[in-house]
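Here is what each chain is made of, one letter per residue.
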Amino acid sequence: MASVLFKHIYKRFPGGVTAVSDFSIEIKDKEFIILVGPSGCGKTTTLRMLAGLEDISEGDLFIDNKRVNDVAPKDRDIAMVFQNYALYPHMSVFENMAFGLKLRKVRKEEIKKRVEEAARILDITYLLDRKPKALSGGQKQRVALGRAIVREPKVFLLDEPLSNLDAKLRAAMRTELTKLHKRLQTTFIYVTHDQVEAMTMATRIVVMKDGLIQQVDTPQHLYDKPCNIFVAGFIGTPQMNFINGMLKKKGDDVFFEFENCSLKLPADKATAPEIQEYIGKEVVGALRPEILHDEPLYLTKFSESTIETFVDFTELMGAEIYLYLSIGEELNLISRVSSRSQAKPGDTIKIAVDTSRVHFFDKDTEKVIIH
């Protein structure tokens, strides 16, 4: 088991391309850390530097308090699970899982014991004699995990391991990986572009963009208190609604105004020093789809914060409905409402906004003003 410390890590490629900039984070022993961000944000490069597959241009990397910048990959006591599984097609499942141990000249009895134990944990004992071509995607993924488990490494590195699986299997494997992490009690560092994977599995999430860390936090805190517009828009399904508008004071009240609409802020938000600084200025309001309501109860409760919208189309998701709404020519919103909603495409409906849960961001810096 091990902690991992990145201290001001940079990765520069020939031609002046900087893939990772000033990456600093301390990963505690037994954490499940997920690096998430769009393609090209530097998350896989970061993982490969940790594995020793990419040289570090600048900075220091520590595993278990030992600097490993110049330590060979095989001596770092880590195991990596790749997106494409990387199984040897001519070897059986048992041989694939045992291969790394054989290279380390581990005794046959110990190899057999470790492989059988890993197979039991992953429920693939019945597959040990099969070749990879006879396995499904989910089975291959388990074998790749098993090959890592038998090594008993200090740190597990997983590079988009579920991206080749279908949606149902991916959901099942998320649960399996979470259980596996709890059972093995070791450090997991996982890379994905899928924020659902990040939200459901991680103890902490590292959100990256253009090689820079945007925010490091627990899944719930990231969702509730994003530090900037990028994080707010990246985390959450459906995506957050962003509205350009102005904060205006009328008497003792403060309103967020846009497109002939006006939302009254609750007293605690209206009197906050952060909001007072932006009175009369343009800001970006950010509304999660679940704070836009069409039920009578909410229309009464938030009567001073209602907007008239046109229903473009709807998506039935089973227990809930996504309403795709428009205000005027330019502004489009998504609302997540109860499956009891009667809204139909072509309707003009009133939507109540729970303004206690609206986020505001600075239009220029894109940093949070208040949650």
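Presented here is a report on the structure given in the accompanying data block. Please read all numbers here as calculations on a predicted model, not as lab measurements.

**Looking at the overall build of the protein**
Okay, so step 1: Regarding its fold elements, the protein presents eleven helices and 21 strands.
Okay, so step 2: Along the longest, intermediate and shortest principal axes, the C-alpha atoms of the protein span 80 × 45 × 35 Å.
Okay, so step 3: Scored against the burial criterion, the 371 residues of the protein give a buried share of 51%.
Okay, so step 4: Only carbon and sulfur atoms are counted for the fraction: they give 49% of the accessible area of the protein, which is about 17,900 Å².

**Here we look at helix α1 (residues 43-51)**
Because each turn of an α-helix spans 3.6 residues, side chains separated by three or four positions in sequence point in the same direction.
Okay, so step 1: With seven of its nine residues buried, α1 lies for the most part within the structure.
Okay, so step 2: All of the buried residues along α1 are K43, T45, T46, L47, M49, L50 and A51.
Okay, so step 3: Looking one or two residues past α1, G52 carries a phi angle of roughly 90°, positive in sign.

**Topic: the pattern of salt bridges**
Okay, so step 1: Evaluated as defined, the whole model comprises 21 salt bridges.
Okay, so step 2: Here D75 and K74 are joined by a salt bridge, their closest N and O atoms 3.4 Å apart.
Okay, so step 3: A salt bridge links E152 to R114; its shortest N-O distance comes to 3.8 Å. With a gap of 38 residues between them, E152 in the loop between α4 (137-149) and β7 (155-159) and R114 in helix α3 (residues 108-122) connect regions that are remote in the sequence.

**Observations regarding the environment of T314**
Okay, so step 1: Within the secondary structure, T314 is located in strand β16 (residues 306-316).
Okay, so step 2: On the basis of relative accessibility, which here comes to 29%, the residue T314 falls in the partly exposed class.
Okay, so step 3: A C-alpha to C-alpha distance of 29 Å links T314 and R174, two positions 140 residues apart in sequence.
Okay, so step 4: Residues in contact with T314, not counting those within four places in the same chain, are I321, Y322, L323, A343 and P345.

**Examining the sheet that holds strand β15 (residues 292-293)**
Okay, so step 1: An order of β15-β19-β16-β17-β18 is seen for the five strands of this open sheet, with the pairing classed as antiparallel. The sheet is open, and its two edges are formed by β15 and β18 (331-338), each paired on a single side.

**Looking at the environment of S3**
Okay, so step 1: Among the structural elements, S3 can be located in the segment before β1 (4-13).
Okay, so step 2: Residues S3 and I369 lie 366 residues apart in sequence; the distance between their C-alpha atoms is 34 Å.
Okay, so step 3: Excluding residues that lie within four positions of it along the chain, S3 makes contacts with I27, K28, D29, F62, I63, D64 and N65.

**As for the sheet that holds strand β3 (residues 32-36)**
Okay, so step 1: Strands sit in the order β6-β7-β8-β3-β9-β10 across an open sheet of six strands; the sheet is mixed. Where the open sheet ends on each side, the last strands, each with one partner, are β6 (78-81) and β10 (212-217). Ignoring which end each strand starts from, the neighbouring axes of this sheet average 15° apart.
Okay, so step 2: Inspection of the sheet shows β3 paired to strand β9 (residues 204-209) by four bridges, in the parallel sense. In the strand pairing of β9, V36 is matched with V207.

**What about the packing of α4 against helix α5 (residues 167-184)?**
Okay, so step 1: Relative orientation of the contacting elements α4 and α5 amounts to 15°, with a least axis distance of 11 Å. For the element pair α4 / α5, the angle class is roughly parallel. Pair α4 / α5 crosses with right-handed handedness. Contacts from G138, Q141, R142, L145 and I149 in α4 reach L169, M173, E176, L177, L180 and L184 in α5.

**A short note on the packing of aromatic side chains**
Okay, so step 1: Taken as a whole and assessed by the stated rule, the structure comprises ten aromatic pairs.
Okay, so step 2: Taking the centre distance of 4.9 Å and the plane angle of 75° together, the rings of F6 and F23 count as edge-to-face. Taken together, the residues F6 in strand β1 and F23 in strand β2 (residues 17-27) connect sequence positions 17 residues apart. With respect to burial, F6 and F23 carry one shared label: buried.
Okay, so step 3: Each ring, one from Y88 and one from F99, has its centre 5.0 Å from the other, and the planes form 65°; the classification is edge-to-face. One end of the pair, Y88, is in the loop between β6 and α2 (93-103); the other, F99, is in helix α2, and eleven residues separate them in sequence.
Okay, so step 4: Using a relative accessible area of 33% as the deciding quantity, one classes Y88 as partly exposed.
Okay, so step 5: Every member of this aromatic cluster is reached through a ring pair, and the members are F32, F156, F188 and Y190.

**Focus: the pairing of β16**
Okay, so step 1: Where β16 and strand β19 (residues 348-353) come together, five bridges link them in antiparallel fashion. Residue pairing for β19: E308 is matched across the bridge by K350.
Okay, so step 2: Hairpin geometry of β16 and strand β17 (residues 320-327) is characterised by an intervening segment of three residues between the two adjacent antiparallel strands and by a positive phi of about 95° at G318.

Cut-offs applied
Numbering of residues starts from 1 in every chain and runs along the sequence as written. This being a predicted model, a pLDDT of at least 70 is required before a residue's local features are given, and a value of 80 or more before pairs of side-chain atoms are given or counted; all residues contribute to the totals for chains, interfaces and linings. Heavy atoms from the whole structure form the basis of all side-chain values; hydrogens and water molecules are not counted. Helix and strand assignments follow DSSP, with helices taken as H or I runs no shorter than four residues and strands as E runs no shorter than two, numbered in order from the N terminus. Working definition: with a 1.4 Å probe on protein chains only, accessible area under 20% of the residue-type maximum means buried, over 50% means exposed, and in between means partly exposed. For the accessible areas, the method is Shrake-Rupley and the probe is 1.4 Å, while residue cover comes only from the protein chains on display. Here, a salt bridge means any side-chain nitrogen of Lys or Arg that lies within 4 Å of a carboxyl oxygen of Asp or Glu. Contacts are residue-level and defined by heavy atoms, with any inter-residue pair within 4.5 Å sufficient. Two strands form a pair only when DSSP identifies at least two bridges running between them. Think of each axis as a best-fit line through the C-alpha atoms, taken over the contacting stretch in the case of a helix, with angles from 0 to 180 degrees between the N-to-C directions. Note on terminology: angles under 35 degrees are roughly parallel, angles over 145 are roughly antiparallel, angles of 65 to 115 are roughly perpendicular, and the others are oblique. Less than a right angle of anticlockwise turn of the near helix away from the far helix marks a crossing as left-handed, whereas a clockwise turn marks it as right-handed. Stacked, edge-to-face and tilted labels apply to pairs of Phe, Tyr and Trp rings (six-membered ring for Trp) whose centres lie within 6.5 Å, assigned for plane angles under 30 degrees, over 60, and everything in between, in that order.

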